[in-house]
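# Descriptive analysis of the structure
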Amino acid sequence: MPVKVYVIDDSILINFIEDGDLDGFKEYLDSDDTIIFPEPETFDTEEQALAFCSGIGYGVDERAPVERFPLRSSEEDDLPFIEAIENY
């Protein structure tokens, strides 16, 4: 089954994801109709998706705020956020 990866670069949305705040995430989406999500990257295997995601974090100072956050369709915790994006 293909794995979709959405890369989120909105710092407010990233904060909601890191906090596990799905309601806040959805409320933020409802309050702003100008957010643009790029098409997800699609991979044939979870290993390919993980390699892609590790590239996003490569060389990033872990003390700095997260600038890009990947959501993977293979991760159960990410699925509600992906669903909210796809229904946006």
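Residues numbered from 1 in each chain as written. Predicted model: local features only at pLDDT ≥ 70, side-chain atom pairs only at ≥ 80, totals over all residues. Heavy atoms only, no water.

### Here we look at the sheet that holds strand S2 (residues 41-43)
As summarised here, the arrangement of the three strands in space is S2-S1-S3, forming an open sheet in which the pairing is antiparallel. Both edges of this open sheet fall to S2 and strand S3 (69-72), since each of them pairs with a single strand only. Taking each pair of neighbouring strands and ignoring which way they run, the sheet shows an average axis angle of 25°. Bridge count for strand S1 (residues 3-8) against S3 is four bridges, and the pairing is antiparallel. When the sheet's bridge partners are listed, Ile-8 is paired in S3 with Phe-69. Taken strand by strand, helix H1 (residues 11-19) contacts S1 and S3, and its axis lies near 55° from that of S3. Each of S1 and S3 touches helix H4 (residues 79-86); the most contacted strand, S1, lies at about 75° to it. (Pairing = 2+ DSSP bridges. Helix = DSSP H or I, 4+ residues; strand = E, 2+ residues; numbered from the N terminus. Axes fitted to C-alpha atoms, helices over the stretch in contact; angles between N-to-C directions. Contact = heavy atoms within 4.5 Å.)

### Some details on the nonpolar core
Soluble globular proteins: nonpolar side chains tend toward being buried together. With 17 residues, the main nonpolar core has Ile-8, Leu-13, Phe-25 and Leu-71 as its most contacted residues. Broken down by secondary-structure element, the contributors of at least two residues to this core are S1, H1, helix H2 (22-31), S3 and H4. With sequence-adjacent residues up to four places away left out, Ile-8 is seen in contact with Leu-13, Ile-14, Ile-17, Phe-37, Glu-67, Arg-68, Phe-69, Leu-71 and Ile-85. In terms of nonpolar packing, the next biggest core, distinct from the first, is built from five residues, Val-3, Phe-43, Ala-49 and Cys-53 among them. (Core = buried A, V, L, I, M, F, W, Y, C linked by side-chain atoms within 4.5 Å. Buried < 20%, exposed > 50% of the residue type's maximum accessible area, 1.4 Å probe, protein only.)

### Regarding the packing of H1 against H2
Where H1 contacts H2, the axes come no closer than 8 Å and their chain directions differ by 160°. One element, H1, and the other, H2, form an angle in the roughly antiparallel class. Of the residues in H2, those in contact with Ile-12, Leu-13, Phe-16 and Ile-17 of H1 are Gly-24, Phe-25, Tyr-28 and Leu-29. Counted by class, the contact of H1 with H2 contains seven nonpolar, one polar and no charged residues. (Parallel < 35°, antiparallel > 145°, perpendicular 65-115°, else oblique. Nonpolar A, V, L, I, M, F, W, Y, C, P; charged D, E, K, R; others polar.)

### Some thoughts on the packing of aromatic side chains
If you walk through the whole model with that rule in mind, you get four aromatic pairs. Aromatic pair Phe-16 and Tyr-28: ring centres 6.2 Å apart, planes at 50°, arrangement tilted. Pair noted here: Phe-16 is in helix H1 and Tyr-28 is in helix H2, with a separation of twelve residues, a long-range link. (Phe/Tyr/Trp six-rings, centres within 6.5 Å; stacked < 30°, edge-to-face > 60°.)

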